[in-house]
Amino acid sequence: MLDYFKQNDYKTGVIAGLGAEVLTGLLIWLGLVIAQEPIMPHLRWFGGIFIPILLILRYYAKKNSYEKTCKALIVTFFLTFIIYIALVLKYIN
């Protein structure tokens, strides 16, 4: 399984980026559910999902220099960030 993430491929970058964002988002959501807090007032907290993708991007750029994977991570980060900003602007007063 870990050998899959040692490839220089666009699909690897998208899967690594979206996987990191989904796992981080699930952890934030689970923390809010356990604390019995509503999700919408704390929508800004989900901005933390972008921290792992930036760390993964740094790893691939600096340690491995996988160009295709880095490009896919940058595009994934940009698109999901735009979607996140649109949601925050729509639902936060």
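See the structure shown above.
If you're wondering where the values come from, they're calculated on a predicted model, not measured in any experiment.

Rules of the game
Residues numbered from 1 in each chain as written. Predicted model: local features only at pLDDT ≥ 70, side-chain atom pairs only at ≥ 80, totals over all residues. Heavy atoms only, no water. Helix = DSSP H or I, 4+ residues; strand = E, 2+ residues; numbered from the N terminus. Buried < 20%, exposed > 50% of the residue type's maximum accessible area, 1.4 Å probe, protein only. Contact = heavy atoms within 4.5 Å. Areas by Shrake-Rupley, 256 points an atom, 1.4 Å probe, with all protein chains shown as cover. Lys, Arg positive; Asp, Glu negative; His and termini not counted. Charge placed at Lys NZ, Arg CZ, Asp CG, Glu CD. Core = buried A, V, L, I, M, F, W, Y, C linked by side-chain atoms within 4.5 Å. Expected span 1.5 Å × (residues − 1).

Engineer: When you look at the overall build of the protein in this model, what are you seeing that I'm missing?
Structural biologist: When helices and strands are tallied, the protein shows three helices and zero strands. Start at the N end of the protein and walk to the C end: the helices and strands fall as α-α-α. Across its three principal directions, the C-alpha atoms of the protein cover 40 × 25 × 20 Å. A buried classification covers 29% of the 93 residues belonging to the protein. The long-range share in the protein, meaning contacts at least 24 apart out of those at least 6 apart in sequence, stands at 65%. As presented, the protein carries roughly 6,600 Å² of accessible surface, and 71% of it is formed by carbon and sulfur atoms. Computed over 9 positive and 5 negative side-chain charges, the separation of the two mean positions in the protein equals 5 Å.

Engineer: When you look at the environment of His42 in this model, what are you seeing that I'm missing?
Structural biologist: Mapped onto the secondary structure, His42 falls in the loop between helix 1 (10–34) and helix 2 (50–64). In this structure His42 comes out as buried when scored by relative accessible area, which is 16%. The spacing of His42 and Pro52 is 10 residues in sequence and 19 Å in space, taken between C-alpha atoms. The contact partners of His42, leaving out residues within four places of it in the chain, are Leu32 and Glu37.

Engineer: Looking at this structure, I do not really get the nonpolar core. What am I missing?
Structural biologist: A general feature of soluble globular proteins is that nonpolar side chains tend to end up buried together. By size, the foremost hydrophobic cluster in this structure holds 14 residues, and its most contacted members are Ile28, Leu43, Phe46, Phe50, Leu73, Tyr84 and Val88. Put simply, the parts of the chain that give this core at least two residues each are helix 1, helix 2 and helix 3 (67–91). Ignoring anything within four residues of it in the chain, the contact list for Tyr84 reads Leu43, Arg44, Phe46, Gly47 and Phe50.

Engineer: Could you clarify how one ought to interpret helix 3 in this entry?
Structural biologist: Because each turn of an α-helix spans 3.6 residues, side chains separated by three or four positions in sequence point in the same direction. With 25 residues, helix 3 ought to run about 36 Å at 1.5 Å a step, and its terminal C-alpha atoms sit 36 Å apart, in line with that. Restricting attention to buried positions, one finds in helix 3 the residues Thr69, Cys70, Ala72, Leu73, Thr76, Thr80, Tyr84 and Val88. Packing partners of the buried residues in helix 3 comprise helix 1 and helix 2.

Engineer: Hey, could you run me through the side chain of Thr24 in this one?
Structural biologist: Assignment of secondary structure puts Thr24 in helix 1. By relative accessible area, which is 17% here, Thr24 ends up buried. Those residues within four positions of Thr24 in sequence are excluded, and the remaining contacts are Gly48, Ile49 and Pro52.

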